[in-house]
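Spelled out, the chains give:
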Amino acid sequence: MTEASETPETVLQPADPAEDSWRGSVPAASATDLENLLGTGVGSAQEQLERNGGFLPFALVVENDGEVRLVAVTPADAAAGSDGDFDADGMISDLTELLRQHRSEFRAAAIVCDITLLEEDSDAIHVAAEHQDGSVFAAVLPYSPNPGTNELEFGDLSADTNEPAVWVD
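If you're wondering where the values come from, they're calculated on a predicted model, not measured in any experiment. Residue positions are given per chain, counted from 1 along the sequence in the order it is written. Owing to the predicted nature of the model, reporting of local features is limited to residues with pLDDT of at least 70; listing and counting of side-chain atom pairs is limited to 80 or more, with chain, interface and lining totals taken over all residues. With hydrogens and water set aside, each side-chain value is computed from the structure's full complement of heavy atoms.

Caption draft 1: Structural context of the environment of Pro27. Numbering of helices and strands runs from the N terminus; a helix is a DSSP stretch of H or I covering at least four residues, while a strand is a stretch of E covering at least two. As for its placement among the helices and strands, Pro27 is situated in the loop between helix H1 (17-24) and helix H2 (28-52). Spatially, the C-alpha atom of Pro27 lies 8.9 Å from that of Asp133, the residues being 106 residues apart in sequence. When near neighbours in sequence (up to four residues on either side) are disregarded, Pro27 contacts Asp133 and Ser135. Note on contacts: a residue pair qualifies if any of its non-hydrogen atoms lie within 4.5 Å across the two residues.

Encoded structure:
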C-alpha cells in the first residue's frame, strides 16, 4: 500500500437529523471511524480544490492502531504521457483493489473523488466510507466557482448511498 502522507483527523458534524439516526444505527467506534474519514476526506479534497483547482481520486484508511493515512495510486494514463488526462474510474478501481488487498491492515476505509451532479449542474466531492464491521456511509458536498470572486463556493453536505466495496468477497 502506498502511503502518501499523514492527514490530520477531523470530525464531520451531522448536517441534519437523518445523519444523527445513522450514527445511532452503527457501533459508536465504527461511526467515529467513518466520521473521521468523511471529515478528513472532505477537508483534504476542499484544500486540493482551492489550491489546485481539482484533485485526483484518493483513499483514506483508519489503521488498526487508529492512525488515519492517505492512500494514493498513480493514474495509468498520466504515466503514458497523456498531457494530464487520466481515467478517474480506473484510478477508483485501482484504489478499491489496493484497499481490498491490504484490508487486514486497517479497520475502515474511504474513497474520495470528484463527481458531477447532473440534476444540480454542479461538481461535488464524494466520500464513500466503510468499516470492517459492514457499516457504510457516504456524503456529497457540491461546489462551484463564483465568477465574481474566482473562489469556490461549497454547498450543503448531504448523505448519499453507498455499497461496501472493500470488505466484500
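Back to the text.
Caption draft 2: Molecular detail of the packing of aromatic side chains. Pairing of aromatic side chains here covers Phe, Tyr and the six-membered ring of Trp, requires ring centres within 6.5 Å, and sorts the geometry by plane angle: under 30 degrees stacked, over 60 edge-to-face, intermediate tilted. Throughout the structure, instances matching the rule amount to 3 aromatic pairs. With a centroid separation of 5.6 Å and 80 degrees between ring planes, the pair formed by Phe106 and Trp167 is classed as edge-to-face. One end of the pair, Phe106, is in strand E4 (residues 106-117); the other, Trp167, is in the segment after strand E8 (158-160), and 61 residues separate them in sequence. Considering the side-chain rings of Tyr143 and Phe154, the 6.0 Å spacing of their centres and the 45 degrees angle between planes classify their relative orientation as tilted. Separated by 11 residues along the polypeptide, Tyr143 in strand E6 (residues 136-146) and Phe154 in strand E7 (residues 151-154) bring together distant segments of the chain. Judged by relative accessible area, Tyr143 falls into the buried class, the value being 7%. Between buried and exposed lies partly exposed: a residue is buried under 20% and exposed over 50% of the maximum accessible area for its type, with that area taken using a 1.4 Å probe on protein chains only.

Caption draft 3: Spotlight on the side chain of Asp33. Along the chain, Asp33 turns up in helix H2. Pairs of N or O atoms within 3.5 Å make up the polar contacts considered here, provided that, within protein, one atom can donate a hydrogen while the other can accept it, and that residues adjacent in sequence are counted only when both atoms are side-chain atoms. A polar contact is formed between the side chain of Asp33 and the side chain of His131, at a distance of 3.0 Å. Among residues more than four places away in sequence, those in contact with Asp33 are Val62, Arg107, Ala108 and His131.

Caption draft 4: Molecular detail of H2. A rise of 1.5 Å per residue sets the reference length of H2, with its 25 residues, at 36 Å; its end C-alpha atoms lie 35 Å apart and thus fit the reference within 8%. Taken from the residues just after H2, Gly53 is the one with a positive phi, measuring 80 degrees. Multiplying 1.5 Å by the helix residue count minus one yields the expected span of that helix.

Caption draft 5: Up close: unusual backbone geometry. Positioned with a positive phi, Asp121 is a non-glycine residue whose angle comes to about 50 degrees. By the secondary structure assignment, Asp121 is in the loop between E4 and strand E5 (122-131). Residue classification places Asp121 among the exposed positions, given a relative accessible area of 72%. Backbone geometry at Asn150 places phi at a positive 60 degrees, although glycine is not the residue there. Looking at where Asn150 falls in the secondary structure, it is placed in the loop between E6 and E7. Residue Asn150 is classed as exposed on the basis of its relative accessible area, which comes to 69%.

Caption draft 6: Main features of the side chain of Ser135. As for its placement among the helices and strands, Ser135 is situated in the loop between E5 and E6. For Ser135, a relative accessible area of 8% gives the class buried. Within the structure, the side chain of Ser135 is placed 2.8 Å from the side chain of Asp133, a separation counted as a polar contact. Filtering out sequence-adjacent residues up to four positions away, Ser135 remains in contact with Val26, Pro27, Ser30, Leu34, Ala129 and Glu130.

Caption draft 7: Focus on the confidence of the model for the protein chain. Per-residue pLDDT for the protein chain has a mean of 83; in total, 80% of the residues score no lower than 70. Confidence scores per residue from the predictor, reported as pLDDT, run from 0 to 100. Across the protein chain, strand E2 (residues 58-63) holds the top mean pLDDT of 97, while strand E1 (residues 3-6) sits lowest at 38.

Caption draft 8: Structural view of the environment of Glu50. You can see Glu50 is positioned in helix H2. For the pair Glu50 and Glu151, spaced 101 residues apart in sequence, the C-alpha separation works out to 7.5 Å. In this structure, Glu50 is in contact with Leu152 and Phe154, ignoring residues within four places of it in sequence.

Caption draft 9: Looking closely at the pattern of salt bridges. When a carboxyl oxygen of Asp or Glu lies within 4 Å of a side-chain nitrogen of Lys or Arg, that pair is called a salt bridge. Enumeration over the complete set of coordinates arrives at 5 salt bridges. The salt bridge partner of Arg107 is Asp33, with a shortest N-O separation of 2.7 Å. Highlighted residues: Arg107 in strand E4 and Asp33 in helix H2, separated in sequence by 74 residues. Take Arg107: its relative accessible area is 23%, and that puts it in the partly exposed class. One network of salt bridges, in which partners are shared, links Glu63, Glu67 and Arg69.

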